[in-house]
Amino acid sequence: MATVKVPATNTQLDDAAEIAAFLKPYGIWHERWDVEGRIGDDATAEEILAAYEPEIERLKVAGGYVTADVINVSPETPNLDAMLARFDKEHTHSEDEVRFTVRGHGVFWVNPENGDPVFAIEVGVGDLINVPRGTKHWFHLCNDRTIRCIRLFQEMAGWTPEYLENGVHVEHPPVCWGPNFLTAEAASAALGDGPVRL
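Parameters at a glance
Numbering of residues starts from 1 in every chain and runs along the sequence as written. Local features in a predicted model are, by the rule used here, given only for residues with pLDDT of at least 70; side-chain atom pairs are given and counted only at 80 or more, and totals for whole chains, interfaces and linings are based on all residues. Note that the side-chain values use all heavy atoms of the structure and ignore hydrogens as well as water. Every definition here rests on a 1 Å grid over the protein atoms only: cavities are sets of points where a 1.4 Å probe fits but cannot get out, pockets are open sets enclosed by protein on both sides within 12 Å along at least five of seven lines, and lining residues have some atom within 4 Å of a point. Grid points are joined across faces, edges and corners, and a volume is the space filled by probe spheres set on the points. Helix and strand assignments follow DSSP, with helices taken as H or I runs no shorter than four residues and strands as E runs no shorter than two, numbered in order from the N terminus. Gly is put with the polar residues, along with every residue not named as nonpolar or charged; the nonpolar set is Ala, Val, Leu, Ile, Met, Phe, Trp, Tyr, Cys and Pro, and the charged set is Asp, Glu, Lys and Arg. One requirement defines pairing of two strands: DSSP has to find at least two bridges between them. Only the stretch in contact is used when fitting a helix axis, every axis being a line fitted to C-alpha atoms; angles between N-to-C directions are given from 0 to 180 degrees. Residues are treated as being in contact if the distance between any of their heavy atoms lies within 4.5 Å. Note on exposure labels: buried denotes an accessible area under 20% of the residue type's maximum, exposed denotes more than 50%, and partly exposed covers the range between, all computed with a 1.4 Å probe on protein chains only. In this description, the arc belongs to the directions extending from the helix axis to the C-beta atoms. What pLDDT expresses is the predictor's confidence in each residue, scored from 0 to 100. Here, the term nonpolar core denotes a set of buried Ala, Val, Leu, Ile, Met, Phe, Trp, Tyr and Cys residues that are joined through side-chain atoms within 4.5 Å. We call Phe, Tyr and Trp rings a pair once their centres come within 6.5 Å, taking the six-membered ring for Trp, and we label the pair stacked below 30 degrees between planes, edge-to-face above 60, and tilted otherwise.

Quick notes on empty space enclosed by the protein
Gaps left between atoms show up when a probe the size of a water molecule is rolled over them. Per the stated rule, a full pass over the model turns up 1 cavity of 30 Å³ or more. The computed volume of the largest cavity comes to approximately 90 Å³. Taken together, Ile71, Val73, Met83, Leu84, Phe87, Arg99, Phe139, Leu141, Ile147 and Arg151 make up the full set of residues lining the largest cavity. Looking at the lining of the largest cavity, the elements with two or more residues in it are β4 (67-73), α4 (80-85), β10 (136-141) and β11 (147-153). Tallied by class, the residues present in the lining of the largest cavity amount to 8 nonpolar, no polar and 2 charged.

In structure tokens:
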């Protein structure tokens, strides 16, 4: 279940309707799709795409997406740190970024154009989210460093990050809000170097 957090205002949203209402002005939509009993733990990419074909086809029609794939990231993924480094800095894309999570969880950070404060969306199993093209954002995996997602693309070649100079990602360390959540006070005490902005 998704969680939205606005560090600057100490706001957290866990209710699906509140999350949808909060995200809508930014052109971001969030849906919940069933996962329980729909695919097995060891489902192949082809089996996952087949299981969610009706939803994928609906999104293709609605958003002009032309292809879908499955990305599978775990601690055993070769060159994982290099892969994650492509997405953990503030960037934009020339097309929408659409992901549906079937395993694991991670955090999308969004830096709105209108001057609103940076907010984060933690996604987990069953969460579908889009990040509209041109939206300043970055992504972190949670501590288990695991995520498996269906991705949809508007171009066959997919999207590439367009990095921003002086990105604000440096002001927001990676954090997830599940059972291993580390509060700002605890992080400060552990690091011994003043407040940590979450």
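Some words on the sheet that holds strand β3 (residues 30-32)
One open sheet holds the 5 strands; their spatial order is β3-β9-β6-β11-β4, and the pairing between them is antiparallel. Looking along the sheet, the strands with just one partner apiece sit at the ends: β3 and β4. Taken pair by pair, the neighbouring strands of this sheet meet at an average axis angle of 20°, ignoring direction. Sheet topology note: the strand β6 (residues 97-104)/β11 ladder contains 6 bridges and is antiparallel. If you follow arginine 99 over to β11, its bridge partner there is arginine 151.

As for the environment of glycine 64
Here glycine 64 lies in the loop between α3 (53-63) and β4. Those residues within four positions of glycine 64 in sequence are excluded, and the remaining contacts are Leu59 and Gln154.

Observations regarding α3
By the burial criterion, the buried members of α3 are Glu55, Ile56 and Leu59. Taken end-on, α3 shows its buried residues confined to a sector of 100°, consistent with a single buried face. Turned more than 90 degrees off the buried face of α3, the exposed positions are Pro54 and Val61. Turning to α3, the residues buried within the fold contact α2 (45-51), β4, β9 (127-131) and β11. Of the residues flanking the end of α3, it is glycine 64, one or two places downstream, whose phi is positive at about 70°.

Examining the confidence of the model for the protein
The predicted coordinates should not be examined in detail at positions where pLDDT is low. With 89% of its residues at a pLDDT of at least 70, the protein reaches an overall mean of 86. A low-confidence stretch, residues 179-198 stays under pLDDT 50, and its non-local contacts, those more than four residues away or across chains, total 25 contacts.

Notes on the nonpolar core
Counting 26 residues, the largest nonpolar core has Val4, Leu23, Ile28, Phe119 and Ile121 as the members making the most contacts within it. When residues no more than four places from it in sequence are discounted, the contact partners of isoleucine 121 are Thr3, Val4, Leu23, Ile28, Gly106, Val107, Phe108, Val110 and Ile129. Listed in part, the 16 residues of the second largest apolar core include Val35, Ala43, Val98 and Ile150.

Let's talk about the packing of aromatic side chains
Tallied over the full model, the rule gives 8 aromatic pairs. Pairing phenylalanine 22 with tyrosine 26 gives two aromatic rings, centres 5.7 Å apart and planes at 50°, and the pair type is tilted. Look at phenylalanine 22 and you get partly exposed, because its relative accessible area is 22%. Pairing tyrosine 26 with phenylalanine 119 gives two aromatic rings, centres 4.9 Å apart and planes at 45°, and the pair type is tilted. Placement of the pair is tyrosine 26 in the loop between α1 (16-23) and β3 and phenylalanine 119 in strand β8 (residues 119-123), with a sequence separation of 93 residues. With relative accessibility at 0%, the residue phenylalanine 119 sits in the buried group. Among the aromatic residues, ring-to-ring pairing joins Phe22, Tyr26 and Phe119 into one connected group.

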